[in-house]
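Structure at a glance
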Amino acid sequence: QGDLVESGGGSVQTGGSLTLSCEASGRTLHGMGWFRKAPGKEREFVAAMSYSGTNQYYSDSVKGRARIFRDNAKNTAYLQLDRLRPEDTATYYCAADRTGTGSGPWNDWGQGTQVTVSS
């Protein structure tokens, strides 16, 4: 078993965009999911995809503003977020299943990357 490392977070203004990355080290990145956790709120599902990329899932809160994609040659998955809002402010985590379906269970997690959206 290896590690998942997120990057690409930062501080942006409302309406801006960010692309988050999740690189797998020492393992194959099978099914991939993105989650977020804001202070005082429960962890929230954001998006997920299967190993092939054929199956993709988005939460209602980001639907139409998010795109999940991956580069299997680099063992890296991405989450592009557009038209960001202050309510998108959270720590974003990547997670991987071990089946490749992109539907969990989520066995491995990264350390998180912070996204802050200001007005």
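Here is a short report on the structure shown in this document. (Residues numbered from 1 in each chain as written. Predicted model: local features only at pLDDT ≥ 70, side-chain atom pairs only at ≥ 80, totals over all residues. Heavy atoms only, no water.)

Description of the state of the cysteines
Evaluated as defined, the whole model comprises one disulfide. The disulfide partner of Cys22 is Cys94, and the S-S distance across this bridge is 2.2 Å. Measuring handedness by torsion sign, the sulfur bridge of Cys22 and Cys94 sits at about 60 degrees and is right-handed. Residue Cys22 is found in strand β3 (residues 18–25), and its partner Cys94 is found in strand β9 (residues 90–96); the two are separated by 72 residues along the sequence. An identical accessibility class is assigned to Cys22 and Cys94; each is buried. (Disulfide = S-S within 2.5 Å. Helix = DSSP H or I, 4+ residues; strand = E, 2+ residues; numbered from the N terminus. Buried < 20%, exposed > 50% of the residue type's maximum accessible area, 1.4 Å probe, protein only.)

Let's talk about the nonpolar core
With 26 residues, the main nonpolar core has Leu4, Leu29, Met32, Trp34, Val46, Leu79 and Tyr92 as its most contacted residues. Residue assignment for this core shows that the elements contributing at least two residues are β3, β4 (32–37), β5 (44–49), β7 (66–71), β8 (76–81), β9 and β11 (113–118). Excluding residues within four positions of it along the chain, Met32 makes contact with Cys22, Ala47, Ala48, Met49, Ile68, Arg70, Ala77, Cys94, Ala95, Gly102 and Trp106. (Core = buried A, V, L, I, M, F, W, Y, C linked by side-chain atoms within 4.5 Å. Contact = heavy atoms within 4.5 Å.)

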